[in-house]
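Letter by letter, the chains look like this.
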Amino acid sequence: MVKSTVVFLTWKGTELRTMKKNFLIDMDGVLVHGSKMVPGADKFIQSLVDDDRKFAILTNNSKYTARDLAHRLEQAGIDIDEGKLFTSAMATAEFLANQKPNGKAFVMGEVGLTEAIHSAGYILTSVDPDFVVLGEMSSYSIDQITRAVRLIEEGARFIATNPDPNGPSENGMVPATGAMAALIEKATGKAPFFVGKPNPLMMRTALNHYDMHSEDTFMIGDRMDTDVLSGISGGMETILVLSGMTKPEDIDKYPFHPKYVFDSVADIDVKQFD
């Protein structure tokens, strides 16, 4: 494996120093499967802490707050501060605030999404909203879907947290936001703007949030169509792990490849990437 080293010369002297690589890490399929830890994920995270690395955990799942996710990881055996968790809900809330500060939104989602959008200064309402926002839910109401379709027809802009049609759980695959977005798009004829991966907007938002730079950061994920694609689109080197959705035979189906492939994060030695 080739080591990648970044060095630069300070303006006030001739001292050279090596820049440690940062890591953005997908959560589901990389660190956990539902409530169960991917074996060795705790040791990998601890290696980042011990080596004083900047890192953050990213997830396209908008259902939970960062605090909820930190607790979920803790229950699985991985100790991570909630400040290191960044969700598509957080990215979506920031996007809305930039598009139209202090606007109104009809939100189909759970507490992770509603809390993030409300905290961004938005009013949550079904009356003349600026946006219809779709996120992950345990169950979708036909009444909510009907209301969303009518609001979009009336002119509300359609935003979705992520395009994933499905996702992993300890009991197998489950449908996700992308599948429901397709239903609403079919009914309205209007496609949503997806904020989450593979949109590089989420990667750029996360990089800015954690004061990282793309040229010094690796994206680690288990999906070619979201994690690897968004990492490449965001100007980062990419690492694919085979502990989640992508299988070895799937890699060559895509016109792009990750920089590195590992069976799981347990096989990654972070010091190899300096």
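Structure: above.
What comes next concerns the included structure. Throughout, a residue's number is its position along its own chain's written sequence, starting from 1. Restriction of local features to residues with pLDDT of at least 70 applies here, the model being predicted, together with a cutoff of 80 or more for giving and counting side-chain atom pairs; totals for whole chains, interfaces and linings are based on all residues. The basis for every side-chain value is the complete set of heavy atoms in the structure, and neither hydrogens nor water enter the calculation.

## Examining the pattern of salt bridges
Using the following cut-off: A carboxyl oxygen of Asp or Glu within 4 Å of a side-chain nitrogen of Lys or Arg is what we treat as a salt bridge. Where helices and strands are cited, they refer to DSSP runs of H or I of at least four residues and of E of at least two residues respectively, numbered from the N terminus. Buried residues are those whose accessible area, probed at 1.4 Å on protein chains only, stays under 20% of the maximum for their type, while exposed residues exceed 50% and partly exposed ones sit between those limits.
Across all of its chains, the model carries 10 salt bridges by this definition. With a shortest N-O distance of 3.7 Å, Asp51 and Lys20 are connected by a salt bridge. Here Asp51, found in the loop between helix H1 (41–50) and strand S6 (55–59), pairs with Lys20, found in the loop between strand S2 (16–18) and strand S3 (22–26); they are 31 residues apart in sequence, far enough to count as distant. For Asp250, the salt bridge goes to Lys253, with nearest N and O atoms at 3.1 Å. Judged by its relative accessible area of 16%, Asp250 falls in the buried class. What you see here is one network of salt bridges that share partners, running through Lys20, Asp51 and Arg53.

## Quick look at the nonpolar core
Our working definition: Each nonpolar core is a collection of buried residues, namely Ala, Val, Leu, Ile, Met, Phe, Trp, Tyr and Cys, held together in the definition by side-chain atoms within 4.5 Å. Here, residues are in contact when the closest pair of their heavy atoms is within 4.5 Å.
By size, the foremost hydrophobic cluster in this structure holds 31 residues, and its most contacted members are Phe23, Ile25, Leu31, Ile45 and Ile220. For this core, the secondary-structure elements that each account for two or more residues are S3, H1, S6, helix H2 (66–76), strand S15 (217–221), strand S16 (237–241) and strand S17 (260–262). Of the residues forming this core, the biggest block, 5 residues, is contributed by H2. Leaving out residues up to four positions away in the same chain, Ile25 has contacts with Val30, Leu31, Phe44, Ile45, Leu48, Phe55, Ala56, Ile57, Leu58 and Ile220. Listed in part, the 27 residues of the second largest apolar core include Ala105, Ile117, Ile159 and Met236.

## Some words on the environment of Thr177
Here is the rule we go by: For the purposes of these results, a polar contact is taken to be a pair of N or O atoms within 3.5 Å, where, inside protein, one atom must be able to donate a hydrogen and its partner to accept one; residues adjacent in sequence count only when each atom of the pair is a side-chain atom.
Among the structural elements, Thr177 can be located in helix H6 (residues 177–188). A relative accessible area of 0% means that Thr177 is categorised as buried. Measuring from C-alpha to C-alpha, the distance between Thr177 and Asn162 comes to 6.3 Å, with 15 residues separating the pair along the chain. Contacts of Thr177, omitting those with residues within four sequence positions, involve Leu134, Gly135, Glu136, Tyr140, Ala160, Thr161, Asn162 and Asp164. Polar side-chain contacts of Thr177 include one of 3.0 Å to the side chain of Glu136.

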